[in-house]
Structures are given as structure tokens and as C-alpha cells.
2 protein chains.
Amino acid sequence: MRLSRYFLPILRETPKEAEIVSHRLMLRAGMVRQESAGIYAWLPLGHRVLQKVSKIIREEQNRSGAIELLMPTIQSADLWRESGRYDAYGKEMLRIRDRQDREMLFGPTNEEMITEIFRAYVKSYKDLPLNLYHIQWKFRDEVRPRFGVMRSREFLMKDAYSFDLDQASAVHSYNKMFIAYLRTFERLGLKAIPMRADTGPIGGDLSHEFIILADTGESEVFCHRDYLDFQVPGADTDFDNADALKATVAKWTWLYAATSEMHDQTAYAAIPEASRVSARGIEVGHIFYFGTKYSEPMGAHVQGPDGKPVPVHGGSYGIGPSRVVAAIIEASHDEAGIRWPAAVAPFDVALLNLKQGDSAVDAACEELYRTLSAKGVEVLYDDRDDRPGAKFATADLIGIPCQVMIGPRSLAEGKVELKMRNTGERELLSPADFVARVTGAAA
Amino acid sequence: MRLSRYFLPILRETPKEAEIVSHRLMLRAGMVRQESAGIYAWLPLGHRVLQKVSKIIREEQNRSGAIELLMPTIQSADLWRESGRYDAYGKEMLRIRDRQDREMLFGPTNEEMITEIFRAYVKSYKDLPLNLYHIQWKFRDEVRPRFGVMRSREFLMKDAYSFDLDQASAVHSYNKMFIAYLRTFERLGLKAIPMRADTGPIGGDLSHEFIILADTGESEVFCHRDYLDFQVPGADTDFDNADALKATVAKWTWLYAATSEMHDQTAYAAIPEASRVSARGIEVGHIFYFGTKYSEPMGAHVQGPDGKPVPVHGGSYGIGPSRVVAAIIEASHDEAGIRWPAAVAPFDVALLNLKQGDSAVDAACEELYRTLSAKGVEVLYDDRDDRPGAKFATADLIGIPCQVMIGPRSLAEGKVELKMRNTGERELLSPADFVARVTGAAA
């Protein structure tokens with residue numbers, strides 16, 4: 001992408017309204033724009049990151065056996081009356097009347113609707129287990145939206161819903177999602193620790209939040225230090241092996257880890273002092289097993305092996321891609337701007353032309369841009385007529401992992417200059433060596 | 001994907017509420033489910049098609065130089081008061097009050113919001129031209145939603161918005177989208193004819209609808225037969241070559257083509273009789289040039305070359321991917337079900353195990369499934385314990401272009417049977433030859 005033809009509205013000033021660093025950097029880097037309180041447009045740079053985050057989440061959901069569909073944003077109030085949550089949900093639910101005066105709402109979550117879909121089609125235990133997910137915009141009418149997309153009113157959510165015949169198989173479905181979440185967050189460049197959690201308005205018996213540690217975290221969390229070094233299960237995980245998954249989940253849950261609301265000071269004090277971690281955390285995922293909480297009132301039964309109807313056991317599993325984008329920035333930035341993990345960076349390479357209008361430099365840049373693009377490398381080519389200093393600052397602010405600079409001096413030696421954003425490491429090398437390096441790293 | 005683990009709720013009965021064939025087939029094939037009047041969930045099979053359609057639209061938008069972002073669904077009423085459309089839009093706009101009693105709405109289109117984004121950042125003619133698009137859910141509160149996703153209330157829309165300094169460059173932007181649309185519909189397997197159109201509530205001076213011919217079309221259209229054989233511009237089109245684009249658009253617009261509301265009987269009668277086509281049509285895209293209709297009232301000015309502020313010239317360009325899915329079915333089906341064009345088929349290959357439980361057949365199917373999947377071919381493997389006849393019927397109904405059947409008889413000869421859904425052509429060939437055929441066709 002040529003920056004001269006892109007839409008990257010960088011802000012020079014730090015916006016006053018932004019209280020946290022991710023919000024400030026997302027506004028400054030031209031990633032988002034607030035359209036109403038707690039409602040954001042994702043500008044092109046932000047949209048690219050949001051798509052990459054969503055893609056990784058989707059790939060790991062699919063790997064674990066979950067199946068993607070897409071439910072609408074607008075739901076009928078009657079559906080929520082069946083579960084009893086319509087009156088219970090409170091003012092966070094955005095309630096709507098359509099032109100026929102029917103009561104509708106903008107979905108804040110989808111347990112009711114997915115249960116309605118399930119009960120309409122699935123009649124036998126032979127069709128279980130089933131895990132259906134979608135990635136869709138939700139709305140929660142927060143009384144005080146803030147922190148940018150970290151706590152917005154309209155937000156993107158991946159929510160999965162599992163259906164099983166009994167508790168044992170439901171726990172296996174829960175464990176699949178548990179492992180999928182560990183893998184997802186690792187691929188997103190985040191170190192997430194599962195913590196036993198309160199179930200809140202979703203309800204249920206068993207629940208974990210996935211929390212990343214960041215100095216700017218929204219809440220206090222406590223855990224055993226060993227979690228920080230645990231190895232995440234590989235891409236070759238057999239999600240059908242219930243015993244193996246159970247053992248992995250046991251390993252990831254037997255040491256102490258709790259959010260402040262679930263914190264037990266006595267248990268925490270029993271950890272050797274050197275292994276205690278007390279830090280700020282950001283919730284990036286939340287999973288629930290809630291048994292028959294929705295299937296019973298809504299009549300989602302299947303015929304069991306003995307021919308009798310059984311209400312199915314359910315769970316739900318959420319990650320908010322829009323919130324995750326902000327969380328990644330909270331966990332990975334410096335004074336100069338964002339430092340994207342490679343997997344979610346909006347572009348792989350920032351190519352900076354340090355003397356636009358110099359024919360040799362222009363030609364070398366064009367050549368490198370074409371070569372990399374042809375190899376499938378995503379390049380943001382800064383071909384604007386601007387000072388080198390401004391180009392350096394923009395590249396650092398928007399956080400592209402790999403910067404390559406071409407100016408008359410290095411070019412006279414047949415070299416280009418590489419700078420790695422995350423380490424600051426610099427190197428002079430030939431354009432051909434640079435291409436080999438970048439495509440090798442991408443392969 | 002193994003069908004035994006998939007969620008494909010085929011309906012045996014033809015649903016009574018469905019008036020048109022695409023609606024009937026989408027319900028029967030388990031592609032969509034109505035959740036409220038005119039509001040649909042996209043079940044896994046339907047979701048796959050919707051994603052493929054969206055991807056082709058996105059690729060052609062990008063090729064033409066448009067830049068993707070993502071605007072929210074919920075908008076502020078104040079924004080629409082600036083353009084004067086808040087009161088004018090009528091009851092099709094879904095109006096909402098949030099918990100602070102602010103007037104909001106679910107966006108039916110985005111001219112106002114994109115103009116707000118544009119004016120916030122773009123200050124100089126040097127930053128033009130600019131074409132920004134998104135693919136987002138919209139809501140129009142139709143008084144009588146019907147025809148399934150062809151005329152639903154909540155629908156997916158790709159809407160692009162161009163900004164230019166003057167009319168001449170705005171027409172070039174319009175021409176870019178015109179060409180992008182021709183290419184998009186061709187890749188979607190549709191023969192779309194641009195027809196001069198009424199501008200309706202979007203407003204403006206210049207507008208074309210892209211219409212496909214289908215016996216079940218919603219309206220009557222009239223055009224010159226030569227359009228049916230015109231060649232669509234290639235992938236190597238230079239979108240910066242204004243003269244070439246202008247010539248192409250001229251070629252595609254100088255012959256007679258009109259929807260019934262723009263029909264001119266005298267002009268039509270002047271066409272030689274053998275070249276007259278009068279048929280039913282379905283609108284699949286609509287493009288508008290509207291000059292300064294939004295930029296003037298909303299103050300979207302840039303500094304021109306002479307330093308003076310100029311209101312920008314705009315256009316907007318819409319394709320509804322959700323509607324397009326239905327339109328493709330209207331144009332491509334038979335008695336047995338859907339016949340997907342290869343580019344948008346939910347799977348490339350349907351692999352039918354004709355004797356589940358026969359160890360040789362099972363092994364051959366598993367081997368073929370693994371081989372094809374490893375090569376990136378998307379296979380729906382019917383591994384259910386069901387009669388061959390039921391499997392044939394399902395494969396035909398859901399319309400996968402290439403069916404491969406493995407049973408004891410063909411396997412005894414070392415063969416599998418290939419059936420092409422669109423032609424009915426059948427062939428016995430070795431599994432290796434089948435793999436070569438499929439991957440060769442995909443390459």
C-alpha cells in the first residue's frame with residue numbers, strides 16, 4: 001500500500017479525552033474514531049488489525065471443532081422473556097421498538113438465540129456434541145463508556161456456544177475451548193493466565209477468565225509465578241482426546257490464580273513468597289459452563305440413548321476482538337508508539353523513502369515495493385514528500401515490526417537500512433538480502 | 001469438513017412461507033433461519049457462501065483502489081440532522097433511544113457518517129481522490145419484509161464512498177467503481193447489466209443499477225441483446241487510466257438498457273426487434289454520483305489548489321452481499337436444488353461415502369479426504385450412516401459443484417465416480433486422477 005494513496009490520519013497532539021495508553025495510541029495512529037459515546041469507527045489501519053485478530057481467533061475456534069455461523073444483531077424481546085433475562089438484564093440492554101411497535105433489542109450476547117436455533121433443528125443425542133460460534137457486533141449500553149474500544153458500547157465479540165448430552169461431555173467441550181483460548185492468546189502475542197471467575201449475568205457453575213498482565217490493567221490479580229513460564233499446547237493438539245485435554249486444563253488451573261473478586265488471601269499467602277505475583281490484569285476472554293440454565297426454560301431437549309428427552313448442557317465462550325486490539329497495545333508499546341506482535345501487525349514492513357524525488361532512491365524503493373508485494377509481503381510504502389524525521393516518527397507510532405529505510409547515503413553503498421521496531425536493532429544490508437530475510441521470516 | 005460433525009439442518013419439506021425459489025432453497029439447504037420478521041441467522045453453510053461473496057467484493061474494491069474501514073451500526077441522529085435526512089428518511093429508519101435518552105439509529109446507509117469522518121481529517125486537495133468502503137450490517141425497517149434475504153430488514157452491505165475535488169475527477173472515481181462492479185459480478189458467476197437508474201433517497205445526478213436477468217426477477221427490464229455478450233474488463237485493468245475507463249464505461253452504457261421506472265418505449269422501439277430483450281431483472285448493485293449533496297450542508301471542504309475551500313464531490317456505491325447470495329440462487333438452480341458457481345460454492349467437493357462401515361470404502365474415503373484437504377481443497381465429507389439416495393439428494397440440494405462418490409462397486413475397479421453438479425456429467429476415474437483433476441482445476 002502506498003501511503004500517498006492510503007487513509008492514515010495520524011494525530012500530532014495527544015487527545016485529551018483518552019485516559020489510557022491504548023486509547024491514546026489508537027487515536028494518534030489513526031486506528032479508530034469515536035462517532036458517538038462509546039461507539040467507534042475502525043479506520044483502515046485499525047480495521048486491518050481487527051481483521052488479523054479475528055482471523056487468528058477464527059482459526060483456533062475451527063481447529064478445536066467449533067463451527068462458524070452468523071446471528072443477526074437485532075433480536076426479539078420475546079426470546080429473552082423465555083429465559084427470564086429480558087427484565088433481569090437491566091439498562092445495559094439497548095431496547096428498541098420497530099415500526100410495528102414490536103419489542104426488539106440489540107443483542108448484548110446470544111445464549112437465547114443460539115438455544116432457539118439449536119432446539120429448532122437438533123433432536124437427538126447422536127447430533128451432539130455441537131459447538132457453534134459467530135463473530136458479530138454486540139451492544140451494551142454502559143452508563144459510562146470509556147477507555148476507547150477497551151470498554152465501548154458497540155463492540156465485536158466472538159461468542160461460542162456448546163451443547164452436550166451431559167455434564168461430563170460438556171466439561172470436555174469446556175476444556176476444548178480452554179485449550180483453544182490458550183492457543184489463541186499465544187498466537188496474538190499475549191501471555192494470558194486463566195483465572196477462576198465469577199459467573200455474573202451469564203450464570204453457571206464453572207467459569208474462567210483469561211487475564212493478561214499489564215501495568216495499566218483494569219483490576220488487581222493474583223497468581224503463582226510458574227504460570228508465566230507454562231508452555232501452551234501445540235497446533236497438533238488432539239481435541240478429541242478428553243483425558244489429555246483434562247490433564248492440560250488441570251495443569252493450567254491447579255496453581256493459585258484469581259481476580260480480586262475471587263481472591264482468597266489465605267490461599268495466596270500459602271504460596272512461597274518468591275512465587276507470588278500480584279499485578280494489574282486485563283480480561284481478554286471469559287468461558288462459562290452453565291449446565292441446563294437456558295435449555296430447561298427454553299425447552300432445548302434432545303432424545304437421549306434411552307429415548308427420553310434430556311435438556312442439553314451448555315457453555316458459552318467469549319473473546320472480544322475489538323477489546324483484544326487495545327489489550328495488545330496495553331501490553332506492547334513504548335514512548336514512541338505501538339509495538340505490534342508480528343501476527344497482528346497491520347503491515348509486515350514499513351518501507352521509508354528518505355528522499356522522495358531522488359530518482360535513484362525512488363527507483364530502488366519502487367523495485368523493493370514491487371518485489372516484496374509480489375511475494376505476498378504486506379508493505380506500507382511511505383512515498384510521501386515529507387522529512388525523514390516525520391517518516392521515522394510515523395513508522396514508530398503505528399508500530400510496523402520491520403522498517404526498511406532507503407536514502408541516498410546507504411544506496412550509494414548498495415544497501416538499505418533495516419530497523420526492527422521491537423528491539424531497535426539496526427542493520428545495513430543489500431536489498432536482495434533484505435528480501436531474503438523478510439520472506440524467510442514470513443515462511 | 002466431516003458432515004457427521006457439521007451443522008447442516010436440511011429441511012425435507014418445502015417451507016410454506018417462502019414465495020421465491022432462493023428463499024425456499026436457502027431454508028431447505030439449511031443456509032439461513034428467520035429469527036424475527038426480515039431478520040435472519042446465517043447457518044454454517046450460508047455463512048460460508050456469504051463470506052466467499054464478501055471476499056470477492058472486497059478483492060475487487062481493493063483492486064480499484066478503494067480502502068476498507070469499518071463504521072459502526074449505531075449512529076447518532078444529530079449526524080442525520082446535518083444533512084436534513086433524519087426527518088426525510090421516514091419509517092424505514094430504525095430509531096432508537098439509548099439509556100441517556102439520546103436519539104440514535106441503526107444505520108440504513110452511511111453517507112453522513114463517512115462525510116463526518118472525511119471532514120475531520122482531510123483538509124487539502126492533495127489528499128484526494130479518496131474512496132473508502134466498508135462491509136457492515138445495515139437495517140431498513142421495511143413495512144413488509146419478504147423474499148428471505150432478498151429483501152430483509154437486517155442485511156449486509158458493501159458501501160463505498162468517493163471524494164473528489166471536482167466533477168471530472170468524481171466521474172473518474174465513478175467509472176472505477178463501475179468497472180469494479182462489472183468485474184465483481186462476473187467473478188460471482190453473474191451476468192450483470194448496468195442500467196441507468198433513478199437516484200431515489202440517496203440523491204444525485206448520475207446513477208446506474210446493475211441488474212441480472214432471472215425469470216424470477218422482481219421487476220421488468222429492457223435492454224439491447226449485445227450487452228449479454230460484452231466482455232468484462234480484465235484483472236489487469238489500469239484504474240488510473242481515466243480515458244480507458246471512460247471508453248469502457250461508454251461502451252457499457254451507450255446501448256439501450258433501462259429498468260421499468262426509467263423505461264422509454266420510443267427509444268426501445270428503435271432497437272432492431274431481434275436485439276430487443278425484455279425480461280425480469282434483479283438489482284444486485286447500485287452506484288451514485290451526487291456531487292456536493294452531502295459535503296455542502298455538512299461542511300466537508302478541502303483547500304483547493306488556489307487556497308480556497310471547495311466542497312468535495314461525492315459518490316456512493318453499494319452491493320449487498322446477503323442479497324447477492326439469493327440472487328445467485330435465483331440465477332442458478334434446478335429442480336434438485338442449488339447450482340453454485342465454483343467461486344462462491346460453500347465447498348469445492350462433496351465426497352459421498354456410499355457404504356459407511358465398509359472398511360475398504362471408509363479407508364478410501366478417509367484417504368481421499370485427507371489428500372484433498374492437505375492440498376487446500378475444501379471438502380464436505382458425507383460420512384453419515386445414511387442411504388446413498390439421501391446423500392445424493394443432499395449433495396444436489398446444497399449444490400456443491402463437484403461430487404465424488406465412493407462405493408464398493410467402483411472401488412473394486414480402483415475407481416471413484418465424479419459427477420459435476422452443473423452439467424450432470426459423470427466419469428469414473430482413479431482417486432489419483434480425481435485429485436489431479438480437482439487440484440488442476442483449482443490452480
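Since the model is a prediction, treat every value here as computed from it, not as a measurement.

On to the sheet that holds strand 19 (residues 349-353) of chain B. Two strands in a sheet stick together by hydrogen bonds in their backbones, pointing the same way (parallel) or opposite ways (antiparallel). Residue and element names in this part refer to chain B. Strand order across the open sheet formed by five strands is 20-19-21-22-23, with mixed pairing between neighbours. Looking at strand neighbours, the two that pair on one side only are strand 20 (379-382) and strand 23 (426-429), the edges of this open sheet. When strand polarity is set aside, the average angle formed by the axes of neighbouring strands in this sheet is 20 degrees.

All names here are of chain A. If you walk across this open sheet you meet the three strands as 4-6-5, and the pairing is antiparallel. The open sheet has two free edges, formed respectively by strand 4 (74-76) and strand 5 (94-97), since each of these has just one partner strand. Sheet twist, expressed as the mean angle between neighbouring strand axes with direction ignored, is 40 degrees. With four bridges joining them, strand 5 and strand 6 (residues 103-106) adopt antiparallel strand pairing. Its bridge partner being in strand 6, R95 is matched across the sheet by L105.

Counted by the stated rule, this structure contains 35 aromatic pairs over all chains. Relative to Y268 of chain B, the ring of Y256 of chain B lies with its centre 5.8 Å away and its plane at 50 degrees, an arrangement referred to as tilted. Residue Y256 of chain B is found in the loop between helix 7 (242-253) and strand 12 (257-259), and its partner Y268 of chain B is found in helix 8 (residues 265-269); the two are separated by 12 residues along the sequence. Under the relative-accessibility criterion, Y256 of chain B is labelled buried at 15%. Connected via pairs of aromatic rings, a cluster forms that spans F106 and F139 of chain A together with F106 and F139 of chain B. Geometry around Y86 of chain B places R95 of chain B over its ring, the cationic atom sitting 4.6 Å from the centre.

Moving on: the relation of the copies chain A and chain B. Superposition record for chain A on chain B: RMSD 0.0 Å, screw rotation 180 degrees, translation along axis 0.0 Å. Seen this way, the second copy is the image of the first under a two-fold rotation axis. If distances are taken from each C-alpha of chain A to the rotation axis, the shortest is found for I96 of chain A, at 2.9 Å. Most of the interface of chain A is mirrored in chain B: 100% of its interface residues are interface residues there too.

To continue, consider the pairing of strand 20 (residues 379-382) of chain A. Residue and element names in this part refer to chain A. Along strand 20, one buried face is formed by V379 and Y381 and the opposite face, lined by L380 and D382, is buried too. Examined bridge by bridge, strand 19 (residues 349-353) and strand 20 share four bridges and lie parallel to one another. When the sheet's bridge partners are listed, V349 is paired in strand 20 with V379. In this fold, strand 19 hands off to helix 11 (residues 359-374), which returns the chain to strand 20; that crossover is right-handed.

This paragraph deals with the interface of chain A and chain B. Taken together, the contact between chain A and chain B spans 59 residues of the former and 60 residues of the latter. Summed over both sides, the interface of chain A with chain B buries roughly 4,900 Å², with 60% coming from carbon and sulfur. Here chain A and chain B share six salt bridges between them. With its nearest N and O atoms 2.9 Å apart, the salt bridge here joins D98 of chain B to R153 of chain A. Where chain A touches chain B, the interface holds 18 residue pairs in polar contact (both at pLDDT 80 or more). A class-by-class count of the residues in the side of chain A that touches chain B yields 33 nonpolar, eight polar and 18 charged.

Our focus in this paragraph is the packing of helix 1 (residues 21-28) of chain B against helix 10 (residues 321-331) of chain B. Residue and element names in this part refer to chain B. Two numbers describe how helix 1 lies on helix 10: the axes approach to 8 Å, and their chain directions differ by 105 degrees. In terms of their interaxial angle, helix 1 and helix 10 are classed as roughly perpendicular. Taken together, the residues of helix 10 that come into contact with helix 1 (itself represented by V21, S22, L25 and M26) are V325, A326, I329 and E330. Among the residues forming the contact of helix 1 with helix 10, the class breakdown is six nonpolar, one polar and one charged.

Further remarks concern the domain arrangement of chain A. How big an interface is tends to be reported as the loss of accessible area on association of its parts. Residues and elements named next belong to chain A. What the domain assignment reports for chain A is domain 1 (9-338) and domain 2 (349-439). Domain 1 and domain 2 are separated by 38 Å when their C-alpha centres are compared. Listed per partner, the contact involves 11 residues of domain 1 and seven residues of domain 2. Both sides of the domain 1 and domain 2 interface together cover about 790 Å² of buried area, and 55% of this is carbon and sulfur. Of all residues in domain 1, I10, A336 and I338 give up the largest surface area on contact with domain 2, accounting jointly for 49% of the area buried on that side. In this assembly, domain 1 and domain 2 are joined by three salt bridges. Here R48 makes a salt bridge to E378, at a shortest N to O gap of 3.4 Å. Where domain 1 meets domain 2, there are six residue pairs in polar contact (both at pLDDT 80 or more). For the side of domain 1 that touches domain 2, the leading source of residues is helix 2 (residues 44-63), giving three residues. Its residues placed into classes, the side of domain 1 that touches domain 2 shows six nonpolar, one polar and four charged.

All names here are of chain A. End to end, helix 6 (residues 167-187) covers 30 Å across 21 residues, agreeing with the expected 30 Å (1.5 Å per residue, within 8%). Burial runs high along helix 6: 15 of the 21 residues are buried. Two or three places before A168, at the start of helix 6, stands the capping residue D166, its side-chain oxygen 3.3 Å from that residue's backbone nitrogen. One or two positions beyond helix 6, positive phi appears at G189, with a value near 80 degrees.

All right, on to the pattern of salt bridges then. Tallying each qualifying case throughout the model produces 68 salt bridges over all chains. Between E116 of chain A and R33 of chain B there is a salt bridge; the shortest N-O distance is 2.6 Å. Here R33 of chain B lies in strand 1 (residues 32-36) and E116 of chain A lies in helix 5 (residues 111-121), a pairing that spans two chains. Each member of the pair, E116 of chain A together with R33 of chain B, is buried. The shortest N-O distance in the salt bridge between E366 of chain B and R2 of chain B comes to 2.9 Å.

Conventions used here
Residues numbered from 1 in each chain as written. Chains lettered and ligands numbered in written order. Predicted model: local features only at pLDDT ≥ 70, side-chain atom pairs only at ≥ 80, totals over all residues. Heavy atoms only, no water. Pairing = 2+ DSSP bridges. Helix = DSSP H or I, 4+ residues; strand = E, 2+ residues; numbered from the N terminus. Axes fitted to C-alpha atoms, helices over the stretch in contact; angles between N-to-C directions. Phe/Tyr/Trp six-rings, centres within 6.5 Å; stacked < 30°, edge-to-face > 60°. Buried < 20%, exposed > 50% of the residue type's maximum accessible area, 1.4 Å probe, protein only. Lys NZ or Arg CZ within 6 Å of the ring centre and 35° of its normal. Least-squares fit on C-alpha atoms with pLDDT ≥ 70 in both. Contact = heavy atoms within 4.5 Å. Right-handed = clockwise from strand over helix to strand, strands pointing away. Buried area = accessible area lost by both parts, 1.4 Å probe. Salt bridge = Lys/Arg side-chain N within 4 Å of Asp/Glu carboxyl O. Polar contact = N/O pair within 3.5 Å; in protein donor to acceptor, adjacent residues only side chain to side chain. Nonpolar A, V, L, I, M, F, W, Y, C, P; charged D, E, K, R; others polar. Parallel < 35°, antiparallel > 145°, perpendicular 65-115°, else oblique. Domains from an automatic or database assignment. Expected span 1.5 Å × (residues − 1).

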